[in-house]
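Now for the letters of each chain:
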Amino acid sequence: MSDELAGLRIRDLRVVFDGFPAVDGVSLDVRPGDIRFLIGPNGAGKTTLVDAVTGLVKATGSVCFGEQELLGRPVHRIARLGVGRTFQTATVFEELTVLQNLDIAAGAGRGALTLLRRRRGVPESVARALETIGLTGQRDRLAGTLAHGQKQWLEIGMLLVQDVQLLLLDEPVAGMSQDERDATGELLGVVARDRTVVVIEHDMDFLRRYARTVTVMHVGKVLSEGTVAEVQADPKVQEVYLGH
Ligand code: ADP
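Rules used in this analysis
- Residues numbered from 1 in each chain as written.
- Predicted model: local features only at pLDDT ≥ 70, side-chain atom pairs only at ≥ 80, totals over all residues.
- Helix = DSSP H or I, 4+ residues; strand = E, 2+ residues; numbered from the N terminus.
- Rg over C-alpha atoms; globule rule 2.2 N^0.38 Å.
- Buried ≥ 20, exposed ≤ 12 C-beta atoms within 10 Å, placed from the backbone.
- Contact = placed C-beta atoms within 7 Å.
- Near = placed C-beta within 6 Å.
- Nonpolar A, V, L, I, M, F, W, Y, C, P; charged D, E, K, R; others polar.
- Arc of directions from axis to C-beta.
- Pairing = 2+ DSSP bridges.
- Core = buried A, V, L, I, M, F, W, Y, C linked by C-beta atoms within 7 Å.
- Axes fitted to C-alpha atoms, helices over the stretch in contact; angles between N-to-C directions.
- pLDDT = per-residue confidence, 0-100.
- Expected span 1.5 Å × (residues − 1).

### Quick notes on the overall build of the protein chain
When helices and strands are tallied, the protein chain shows 10 helices and 10 strands. By the compact-globule yardstick of 18 Å for 244 residues, the protein chain fits well, its C-alpha radius of gyration being 18 Å. Counting over 244 residues, the protein chain shows a buried share of 41%. Partitioning the intrachain contacts of the protein chain with sequence separation of at least 6 by distance along the chain shows that 66% fall at a separation of at least 24.

This is how it looks when you write it as structure tokens:
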């Protein structure tokens, strides 16, 4: 973990849909190198918060990544500042190979000319990403034929080759086998060595094993924050989850 890495600083974030505050004055800090899990009941505002950070919905307040204010910038500018996300359903190009998917993602950040120039070899950044996501041996397979977990890892790889420094992952282990969950947890640890990671997740077993810190959201607000143990011991959290 290094101080030179950028962290996420959110202040008084609000997103209102037709008068309804889906995110209602959220402030939170994610330290550089953290793996922050974002949990809360359905409708708590987790996805909307991530949408606001990545520029998909209009919001007020402040969202800084490092020194950069993200609010008010268009989606592609936020992406260029090193912020990337995955969705619950992996969005890979199914009819292209793993390598082609990564190559296109790498090229997207640097222009078509670079993409054309590098036709011959596998660029270092792509080779490194393949290694990190454990798909080196699958590089020539069509992405559409990958297992569910492998598609999720490919999507993460596509962020890595774009030099994304803040990764926001939406339920990355949903639908995965236990082995795939374990591999994904390991992958998060590697990714967070020199990046900041925020994970929306419902899987409590996965959270207990791999979260470094947790933010619990409820009705658009932060209900509780801390380590897994701190959050689990918080009576407010027990009330929301267990109803007592
Ligand atoms: P979570 O991800 O925690 O399940 P969401 O962020 O998806 O919660 O939703 C928070 C609230 O905002 C919910 O009440 C949801 O119905 C509402 N909401 C989300 N997106 C929209 C939208 N595009 N238009 C209107 N309401 C929305």
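### A word on the site of the ligand
Close contacts around the ligand come from Phe17, Ala22, Gly40, Asn42, Gly43, Ala44, Gly45, Lys46, Thr47 and Thr48, and that covers them all. A breakdown of the residues in the shell around the ligand according to their chemical character gives 3 nonpolar, 6 polar and 1 charged.

### Concerning helix α5 (residues 124–132)
Buried residues of α5: Val126, Ala129 and Leu130, and no others. One side of α5 carries all its buried residues, which in axial view fall inside an arc of 100 degrees. In α5, those exposed residues whose orientation departs by more than 90 degrees from the buried face are Glu124 and Glu131. Directly beyond the C-terminal end of α5, a positive phi value near 70 degrees is found at glycine 134.

### Focus: the pairing of strand β1 (residues 8–17)
Of the strand pairs in this sheet, β1 and strand β2 (residues 20–30) are connected by 8 bridges, and their pairing is antiparallel. Paired with valine 15 across the strands is valine 23, a residue of β2. Hairpin connection of β1 to β2: 2 residues between the antiparallel strands, including aspartate 18 at a positive phi of 50 degrees. Two elements, β1 and strand β4 (residues 60–65), share 5 bridges in a ladder whose sense is antiparallel. Its bridge partner being in β4, isoleucine 10 is matched across the sheet by valine 63.

### Quick word on the nonpolar core
Core analysis: the biggest nonpolar cluster contains 67 residues, and Leu102, Leu154 and Val197 have the highest contact counts within it. Take this core: its biggest share by element is 6 residues, from helix α6 (residues 148–160). Apart from residues lying up to four places away in sequence, leucine 154 is in contact with Ala90, Val92, Val98, Asn101, Ile133, Leu135, Ala143 and Leu146.

### Some details on the sheet that holds β1
The strand order across the open sheet built from 4 strands is β2-β1-β4-β5, with neighbouring strands paired in antiparallel fashion. Two strands lie at the open edges of the sheet, namely β2 and β5 (68–69), each paired on one side alone. Sheet contacts for helix α1 (residues 46–53): β1, β2 and β4; angle to β2, the most-contacted strand, approximately 70 degrees.

### Notes on the sheet that holds strand β9 (residues 213–218)
Spatial ordering of the open sheet is given by β6-β7-β8-β3-β9-β10, a layout of 6 strands whose pairing is mixed. Every interior strand has two partners, whereas the edge strands, β6 (83–86) and β10 (221–226), have only one. Between one strand axis and the next, the sheet turns by 20 degrees as a mean value, whatever way the strands run. Both β9 and β10 contribute to a ladder of 5 bridges, which runs antiparallel. Its bridge partner lying in β10, methionine 217 is registered against valine 222.

### Description of the confidence of the model for the protein chain
The pLDDT averaged across the protein chain works out to 91; a share of 92% of its residues lies at or above 70. As scored by the predictor, the complex reaches a pTM of 0.91 and an ipTM of 0.97.

### Looking at helix α7 (residues 178–191)
The end-to-end C-alpha separation of α7 is 20 Å, in line with the 20 Å expected for 14 residues at 1.5 Å each. Of all the residues in α7, the buried ones are Thr184, Leu187, Leu188 and Val191. Projected onto a plane normal to the axis of α7, the buried residues spread over an arc of 105 degrees and lie on a single side. Opposite the buried face of α7, by more than 90 degrees, sit the exposed residues Gln178, Asp179, Glu186 and Gly189. Close packing links the buried residues of α7 with β3 (35–39), α6, β7 (166–170), β8 (196–200) and α8 (204–210).

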